[in-house]
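Architecture and fold: a report
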Amino acid sequence: PLPLNFSSAFQKQALQEFFGRHLPENKGKNLIEALILNPVKLAFISSFNPAHSMPDLNRVHKILKKIFLVQMDPYFNLTSKFADLILPTPVLIERKGTITTGERRVRLVRQVRKPLAKALCERSIYKKLSSRSEERRVGKECRSRWSPYH
């Protein structure tokens, strides 16, 4: 893992105070590291189709079959065939706030309509999973396979 680069000790201290916890010295893995170079045991994939768009697809498909894969997406795609759990998320016009694109650009999104059915944004899904982790099989699976910041 690479060290996190804070612009100053003050910035790191301010973030730690804001979140009320110690921040890790190392950052998590990027997609290539997590799915190809040193595969994780559990992955949450959101609005991305690695089974179709990653390099060396034969290798990626073998890895996706081995890991516990949670897909959060408004549409089914090739990655859905590998997912152990698929959670619906709102389409772009149903979202509000900001999104980060694959190019790491942050975009402001204004909601045009309410989400259909019970689609939840990723933040809400993470919050529900973490609050119910003691009582649900998925939470137990996540805790057994997912080390912090991995």
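Residues numbered from 1 in each chain as written. Predicted model: local features only at pLDDT ≥ 70, side-chain atom pairs only at ≥ 80, totals over all residues. Heavy atoms only, no water.

**A short note on the nonpolar core**
Test applied: As used here, the term nonpolar core means buried Ala, Val, Leu, Ile, Met, Phe, Trp, Tyr and Cys residues forming a set that is joined through side-chain atoms within 4.5 Å. Per-residue accessibility, obtained with a 1.4 Å probe over protein chains only, is compared with the maximum for each type, and a residue is labelled buried under 20%, exposed over 50%, and partly exposed between these values. Put simply, DSSP H or I for four residues or longer makes a helix, DSSP E for two residues or longer makes a strand, and each gets a number counted from the N terminus. Here, two residues are considered to be in contact whenever any of their heavy atoms come within 4.5 Å of each other.
Counting residues in hydrophobic clusters, the biggest one holds 15 residues, and the most contacted among them are Leu-35, Ala-43, Leu-64, Ile-67 and Leu-69. Residue assignment for this core shows that the elements contributing at least two residues are helix H2 (31-37), strand S1 (42-46) and helix H4 (57-66). Not counting chain neighbours up to four residues away, the residues in contact with Leu-64 comprise Leu-35, Ala-51, Leu-69 and Phe-82. Membership of the second largest hydrophobic core comes to seven residues, among which are Leu-42, Phe-68, Val-70 and Leu-87.

**Points about unusual backbone geometry**
If you check the backbone angles, Asp-56 has positive phi at about 55° while not being a glycine. Its location among the elements puts Asp-56 in the loop between helix H3 (50-53) and H4. Residue class for Asp-56 comes out partly exposed when judged on its relative accessible area of 46%. Residues other than glycine seldom take positive phi values, yet Ala-117 does so here, at roughly 50°. Here Ala-117 lies in the loop between strand S5 (106-109) and helix H5 (122-131).

**Brief notes about H4**
Condition: Here, the arc refers to the directions that run from the helix axis to the C-beta atoms.
Within the sequence span of H4, burial applies to Val-60, His-61, Ile-63 and Leu-64. Seen end-on, H4 carries its buried residues on one side only, within an arc spanning 165°. Facing away from the buried side of H4 by more than 90 degrees, the exposed set consists of Asn-58, Lys-62, Lys-65 and Lys-66.

**Focus on the pattern of salt bridges**
Let me state the cut-off plainly: One side-chain nitrogen of Lys or Arg within 4 Å of one carboxyl oxygen of Asp or Glu is enough to make a salt bridge.
For the structure on display, the rule yields two salt bridges. Where Glu-94 meets Arg-113, a salt bridge forms, and the shortest distance between an N and an O atom there is 2.9 Å. On the criterion of sequence distance, the pair formed by Glu-94 in the loop between strand S3 (85-87) and strand S4 (97-100) and Arg-113 in the loop between S5 and H5 is long-range, its members being 19 residues apart. Relative accessible area serves as the criterion here: at 36%, Arg-113 is assigned to the partly exposed category.

**A few points about the environment of Thr-100**
Mapped onto the secondary structure, Thr-100 falls in strand S4. Residue classification places Thr-100 among the exposed residues on the basis of a relative accessible area of 56%. Ignoring sequence-local partners within four residues, the contact set of Thr-100 consists of Arg-105 and Val-106.

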